[in-house]
Amino acid sequence: MPEEYTLQAESSRSEKDFHKLLQRLTKEQRTSLQTILTNDPKGTAGTHWKIKKVKRDVWQCDAPDGYRIEYTVVDTPEKIVLILFAGSHDDAAIFLRGKK
């Protein structure tokens, strides 16, 4: 069985925003999202969530109702999904412009 990724927030702000986003989702959506982020954070053909690479080391997962999660996947030495941002589509665009 493959080792699962650990979810971590880059900052207390990104952690708070990620938890707010999770609260907006149904229990089924939360479970699905957390399963994807801990098992296949770069996405697979079977992933029902839209996941794409938006920068060299930043991935984006489109959540319901126009929300986005931006994160980095660290494969070594530990498997970590580092949550950089969670919020609206417009705020995600601003966040990505600032990450140049």
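> How should I be thinking about the sheet that holds strand β3 (residues 58-63) in this particular structure?
The strands making up a sheet are joined through hydrogen bonds of the backbone, oriented either antiparallel or parallel. Ordered in space as β1-β5-β4-β3-β2, the five strands form an open sheet in which the pairing is mixed. Because the sheet does not close on itself, it has two edges, and the strands there are β1 (6-9) and β2 (50-55). Each neighbouring strand pair of the sheet contributes to a mean axis angle of 35°, computed without reference to strand direction. Both β1 and strand β5 (residues 80-88) contribute to a ladder of four bridges, which runs parallel. Within β5, the residue paired with T6 across the bridge is I80. Strand contacts of helix α1 (residues 12-24): β1, β3, β4 (67-74) and β5, with the helix running at about 70° to β5, the strand carrying the most contacts. Against the sheet, helix α3 (residues 89-98) touches β2, β3, β4 and β5, its axis set at about 125° to β5.

> Explain the pattern of salt bridges to me, please; I cannot follow it from the model alone.
Oppositely charged side chains can form a pair if their charged atoms are brought close together. This structure, assessed with the given rule, holds three salt bridges. For the salt bridge of D17 with R13, the shortest nitrogen-to-oxygen distance reads 3.1 Å. Separated by four residues within a single helix, D17 and R13 lie in helix α1, roughly one turn from each other. Across the salt bridge formed by D62 and R68, the nearest N and O atoms sit 3.2 Å from each other. You'll find D62 and R68 in the same group, each marked buried.

> For this particular structure, what's the right way to read the nonpolar core?
Where a protein is soluble and globular, its nonpolar side chains tend to be buried together. In this structure, F18, L21, L33, W49, C61, I69 and Y71 are the most contacted members of the largest nonpolar core, which totals 20 residues. Only α1, α2 (27-39), β3, β4 and β5 provide two or more residues apiece to this core. At four residues, the largest contribution of residues to this core is made by β4. Discounting residues that sit within four places of it in the chain, L33 has contacts with L21, L22, L25, W49, C61 and I69. Core analysis: the next-biggest nonpolar cluster, separate from the first, contains six residues, V58, A92, F95 and L96 among them.

Parameters at a glance
- Residues numbered from 1 in each chain as written.
- Predicted model: local features only at pLDDT ≥ 70, side-chain atom pairs only at ≥ 80, totals over all residues.
- Heavy atoms only, no water.
- Pairing = 2+ DSSP bridges.
- Helix = DSSP H or I, 4+ residues; strand = E, 2+ residues; numbered from the N terminus.
- Axes fitted to C-alpha atoms, helices over the stretch in contact; angles between N-to-C directions.
- Contact = heavy atoms within 4.5 Å.
- Salt bridge = Lys/Arg side-chain N within 4 Å of Asp/Glu carboxyl O.
- Buried < 20%, exposed > 50% of the residue type's maximum accessible area, 1.4 Å probe, protein only.
- Core = buried A, V, L, I, M, F, W, Y, C linked by side-chain atoms within 4.5 Å.

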